[in-house]
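Chain by chain, the residues:
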Amino acid sequence: MKAMLLCDFHIHTTYSDGSVDLRRTINLFGQAGFDVIAITDHVVNGDNPLGKLAHRFKFSVTAKNFSTYLSHIKEEAEKAQDKYGMLVIPGIEITKNYLTTDNSAHMLIIDVQDFIPACISYEEIFLEAKKQKALTIACHPHYMSGKGDRDTLFLWNNREKYARYIDAWEIANRDDVFNVISLQKYPHIANSDFHKPKHLYSWKTLLNCAKDINSIKQCIKHNKGVALTLFRN
Amino acid sequence: MTLFWFFVGITFFGIIGYLLQMIAVRSFTASSNSGDGIRLPRTFQAVSILKPLKGLDDGLFDNLESFCNLDYPHCEIIFALQNQNDPAHKVAKKIKDKYPTRDITIVVEHCDEGLNPKVNNLMTAYKRAKYALILISDSNVRVGKDYLTDISQYMDDPSVGLVSNMIRGVSGRSLGAFLENLHLNSFVVGGVCVLDKYLKMPCVVGKSMLMRKAELEAIGGFSSVKDFLAEDYIIGERIHALGKKVRLSGHLINNVNEYWGVKRFINRHTRWGKLRWQIGGAKYFSELAGNAVFISFLPMVIMPVSKLSLLLAATVSSLKIVHDFYIGNKLRADMNPFLYLLSPVKDLIIGLVWFVPILSKTVAWRGNRYIIGKDSLLSPYPERETEIWGLRVVTAIKTRLAWSKT
């Protein structure tokens, strides 16, 4: 029997607010036997004081360093493929942070090709992602434990308007599970939202498909052969 | 004041101990670098490498891969796991797929014959071992290409029954890992070298043990040590009792400790302390006396702080930093020199941890709890009514706190 692919599509590095640099992050997952990962550093909206702070402290990938970010991921992805047989996909996490949780939203753009700014409208972001044939995932869309004021509820509160643009929803993020996603029967995946090494042990996705980017995107979109696992040591 | 000078006296003996460690490590590394004892031409006896796996150790992929890159003509590698859902299984499988020409077997078999989970794993691996020489190697060690060539030469001498290796802590990237590596590269390495050089005691480091099946079976096989936590020590003692030599190879192997928390560092050394207390008895007190940093801080705790007590603590801490830096350099531990400033902090933690084994016999290891007895003999953790009740109270409080957060 062919084993399912062990995947994590939500990983941060020192390109934004992760504590581990890109190479070490990829190695950490490779050493643990992962099959597919996506590096998804924050692209923060710079149109309000919160976003400006994130840009000031370099917690965001910007239009200026995006090509370096992308080429660095591709370079490390080749090494990871050779050494671990692990597929590394470039991505970003569009981060729209506002003072109220109802207005904030984060979404992953998996297999991104060109920079997408976070300060444009949601429709524009989704359409640009579609144009690039990237996968769009709404992350931590509901109330999270222990985060309080950092919840990102906008996409969930406006799901009727935006669900058609979203390929999958994070049904589990690190230690949280959002049962509302399954009640709506939305396509789902589970990720670690990795920022530091201990986050390796968290919810993950198992995919029953071939280990290539197109099969993975199709598998997530159609949400067949997708399973969740709480990865523990 | 008399009490102060009493502590100064004990501290002095601790510093003598540090000096002895430095000399012993220097002599050990000098002999290992000179390649003493290598006899050529020689035969390469086939070796079965037994790797018990449980969970993900830091750098597991590279650790396992280093055994596939051994420059040795005849060896097989047996990865042994208790169940297929262990995350290490996927890593072992990837290694096997990456090296299709290597003789690699993955054994997944549940075994609960003993209380020591590592020995349970070894028993299933041993059944598959093809060769007369077996190497027990922990999953958290990484070796160089010439490792097996170097250590197997000792077994060309029939009077040698077991070969073990010195370890050095490497790759630290978190506070707990820095403390762990500092402790391995000072107290553990220094202590083992002193025991080996001056006291001629057979020292076995369980992370790497090469022996013959014949001798292992003569001492009763793995099943005779299945309930001991310090199975390495017992195997070494028993092989020594057979009249065979137990040798410590000069080949240093890397113990990879990358992302450890401080709690894990404390847990490991509490466990190892309990083990030494149960094996060594009164000798265990020499460890406290030998912790000069901890002793030098005691006058400041139990007496009013004076310039003299501050001077004592500062001097001893500085000496210990130099000591650890020296040993680290000799071992080529590749540590940032500034991290040696943590040495006194580490010794203070270890000084506090020292008391725990005297107060508690409970050992928590890889998700299991045991009671440890003489010579590290394990017995199941008794689930007494009072303890179950206590656990229920703690669980209820934790649950309530978790709810109040959400």
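Report follows, based on the coordinates. Quick caveat: nothing in here was measured; it's all calculated off a predicted structure. (Residues numbered from 1 in each chain as written. Chains lettered and ligands numbered in written order. Predicted model: local features only at pLDDT ≥ 70, side-chain atom pairs only at ≥ 80, totals over all residues.)

**Remarks on the overall build of chain B**
Piece 1. Along chain B, the regular secondary structure elements total 15 helices and eleven strands.
Piece 2. Over its C-alpha atoms chain B spans a radius of gyration of 22 Å, differing by no more than 12% from the 22 Å that the globule rule assigns to 406 residues.
Piece 3. Once the C-alpha set of chain B is aligned to its principal axes, its extents read approximately 65 × 60 × 40 Å.
Piece 4. In chain B, which comprises 406 residues, the share counted as buried stands at 46%.
Piece 5. Considering only contacts in chain B between residues 6 or more positions apart, those separated by 24 or more positions represent 82%. (Helix = DSSP H or I, 4+ residues; strand = E, 2+ residues; numbered from the N terminus. Rg over C-alpha atoms; globule rule 2.2 N^0.38 Å. Buried ≥ 20, exposed ≤ 12 C-beta atoms within 10 Å, placed from the backbone. Contact = placed C-beta atoms within 7 Å.)

**Some words on the overall build of chain A**
Piece 1. In terms of helices and strands, chain A carries eight helices and ten strands.
Piece 2. In terms of overall size, chain A behaves like a compact globule, its C-alpha atoms giving a radius of gyration of 16 Å where 233 residues would be expected to give roughly 17 Å.
Piece 3. Expressed as a percentage of its 233 residues, the buried residues of chain A come to 48%.
Piece 4. Sequence-distant contacts in chain A: of pairs separated by 6 or more residues, those separated by 24 or more amount to 62%.

**Points about the sheet that holds strand 5 (residues 141-142) of chain B**
Piece 1. Pairing in this open sheet of eight strands is mixed, and the strands run 3-2-1-4-7-6-8-5 (chain B) from one edge to the other. The open sheet is flanked by strand 3 (104-108) and strand 5 of chain B, the only strands paired with a single partner. (Pairing = 2+ DSSP bridges.)

**Brief notes about helix 3 (residues 66-84) of chain A**
Piece 1. Taking 1.5 Å per residue, 19 residues should reach 27 Å; helix 3 of chain A reaches 26 Å between its end C-alpha atoms and fits that length.
Piece 2. Every buried residue of helix 3 of chain A is listed here: A:Tyr69, A:Ile73, A:Glu76, A:Ala80 and A:Tyr84. When helix 3 of chain A is viewed along its axis, its buried side chains cluster within an angular range of 80° and face the same direction. More than 90 degrees from the buried face of helix 3 of chain A, the exposed residues found are A:Ser67, A:Thr68, A:Ser71, A:Lys74, A:Glu75, A:Glu78 and A:Asp82.
Piece 3. Taken together, the buried residues of helix 3 of chain A touch helix 1 (22-31), strand 2 (36-44) and strand 3 (87-96) of chain A together with helix 2 (60-68) and helix 3 (87-98) of chain B. (Expected span 1.5 Å × (residues − 1). Arc of directions from axis to C-beta.)

**Overview of the sheet that holds strand 10 (residues 368-372) of chain B**
Residues and elements named next belong to chain B.
Piece 1. In spatial order, the strands read 9-10-11; together these three strands make up an open sheet with antiparallel pairing. Sheet topology places strand 9 (362-365) and strand 11 (378-380) at the edges, where each strand pairs with a single neighbour. Across the sheet, the mean angle from the axis of one strand to that of its neighbour is 45°, orientation sign disregarded.
Piece 2. Two strands pair when backbone bridges link them, and strand 9 and strand 10 are joined in this way by four bridges, in the antiparallel orientation. (Axes fitted to C-alpha atoms, helices over the stretch in contact; angles between N-to-C directions.)

**Notes on the environment of B:Phe338**
Residues and elements named next belong to chain B.
Piece 1. The topology assignment puts Phe338 in the loop between helix 12 (307-330) and helix 13 (343-353).
Piece 2. Given 7 C-beta atoms within 10 Å, Phe338 falls into the exposed group.
Piece 3. Sequence separation between Phe338 and Phe325 is 13 residues, and the spatial gap between their C-alpha atoms is 9.5 Å.

**Section: the interface of chain B and chain A**
Frequently, the measure chosen for interface size is the accessible area removed from exposure when the parts meet.
Piece 1. Across the contact, 13 residues belong to chain B and twelve residues belong to chain A.
Piece 2. Every element with two or more residues in the side of chain B that touches chain A is listed here: helix 2 and helix 3 of chain B.
Piece 3. Taken together, the residues of the side of chain B that touches chain A sort by class into six nonpolar, three polar and four charged. (Nonpolar A, V, L, I, M, F, W, Y, C, P; charged D, E, K, R; others polar.)

**So, the environment of A:Ile171**
All names here are of chain A.
Piece 1. Here Ile171 lies in strand 6 (residues 168-173).
Piece 2. The class of Ile171 is buried, set by 24 C-beta atoms lying within 10 Å.
Piece 3. Excluding residues that lie within four positions of it along the chain, Ile171 makes contacts with Val177, Phe178, Ile181, Ser182, His188, Ala190 and Leu228.

**Structural notes on the nonpolar core**
Piece 1. By size, the foremost hydrophobic cluster in this structure holds 159 residues, and its most contacted members are A:Ile37, A:Ile109, A:Ile137 and B:Leu50.
Piece 2. Judged by nonpolar contacts, the second largest core, of seven residues, contains B:Ala177, B:Leu182, B:Tyr259 and B:Trp260. (Core = buried A, V, L, I, M, F, W, Y, C linked by C-beta atoms within 7 Å.)

**A short note on the environment of A:Ser192**
All names here are of chain A.
Piece 1. With respect to the helices and strands, the residue Ser192 is situated in the loop between strand 8 (188-191) and strand 9 (203-207).
Piece 2. What makes Ser192 buried here is the crowd of 25 C-beta atoms within 10 Å.
Piece 3. It is 5.4 Å that separates the C-alpha atoms of Ser192 and Ser202, two residues lying ten residues apart in sequence.
Piece 4. Among residues more than four places away in sequence, those in contact with Ser192 are Asp8, His10, Ile11, Arg174, His199, Leu200, Ser202, Trp203 and Lys204.

**Focus on the packing of helix 1 of chain A against helix 3 of chain A**
In helix packing, the relevant descriptors are the interaxial angle and the interaxial distance, both defined with respect to the helix axes.
All names here are of chain A.
Piece 1. Axis separation between helix 1 and helix 3 bottoms out at 10 Å; the angle between their running directions is 25°. Here helix 1 is positioned roughly parallel relative to helix 3, judged by the angle of their axes. In terms of crossing hand, the pair formed by helix 1 and helix 3 is right-handed. Together, Leu22, Arg23, Ile26 and Gly30 of helix 1 and His72, Ile73, Glu76, Ala80, Lys83 and Tyr84 of helix 3 make up the contact between the two elements.
Piece 2. Across the contact of helix 1 with helix 3, the residue classes break down as five nonpolar, two polar and three charged. (Parallel < 35°, antiparallel > 145°, perpendicular 65-115°, else oblique. Left-handed = near helix turned anticlockwise from the far one by under 90°.)

**Details of the pairing of strand 6 (residues 160-170) of chain B**
Residues and elements named next belong to chain B.
Piece 1. Within strand 6, ten of the eleven residues are buried, leaving the element largely enclosed by the surrounding structure.
Piece 2. With nine bridges joining them, strand 6 and strand 8 (residues 245-256) adopt parallel strand pairing. The partner of Val163 across the bridge, within strand 8, is Arg247.
Piece 3. Judged from the three bridges that link them, strand 6 and strand 7 (residues 208-212) form a sheet pairing that is antiparallel. The residue of strand 7 that forms the bridge with Val163 is Leu210.

**Comments concerning unusual backbone geometry**
Piece 1. The phi dihedral of A:Asn223 falls on the positive side, at around 55°, and the residue is not glycine.
Piece 2. Here A:Asn223 shows up in the loop between helix 8 (213-222) and strand 10 (226-230).
Piece 3. Its identity is not glycine, yet B:Arg332 carries a phi of approximately 55°, on the positive side.
Piece 4. Here B:Arg332 is to be found in the loop between helix 12 and helix 13.

**Some details on the pairing of strand 3 of chain A**
Residue and element names in this part refer to chain A.
Piece 1. Within strand 3, nine of the ten residues are buried, which leaves it mostly tucked inside the rest of the structure.
Piece 2. Sheet topology places strand 2 next to strand 3; nine bridges connect them, and they run parallel. Among the inter-strand pairings, Asp41 is bridged to a residue of strand 3, identified as Ile92.
Piece 3. By the bridge criterion, six bridges tie strand 3 to strand 4 (residues 105-110) in an arrangement that is antiparallel. Counterpart to Gly91 in the pairing with strand 4 is Ile110.

**Digging into helix 6 (residues 175-197) of chain B**
Because an α-helix packs 3.6 residues into every turn, residues spaced three or four apart end up facing the same way.
Residues and elements named next belong to chain B.
Piece 1. The terminal C-alpha atoms of helix 6, which comprises 23 residues, lie 32 Å apart, in line with the 33 Å expected from a rise of 1.5 Å per residue.
Piece 2. At Leu184, helix 6 shows its strongest bend, of approximately 30°.
Piece 3. For helix 6, the tally of buried residues reaches 17 of 23 residues, placing the bulk of the element in the interior. (Bend = angle between axes of the 7 residues up to and from the residue.)

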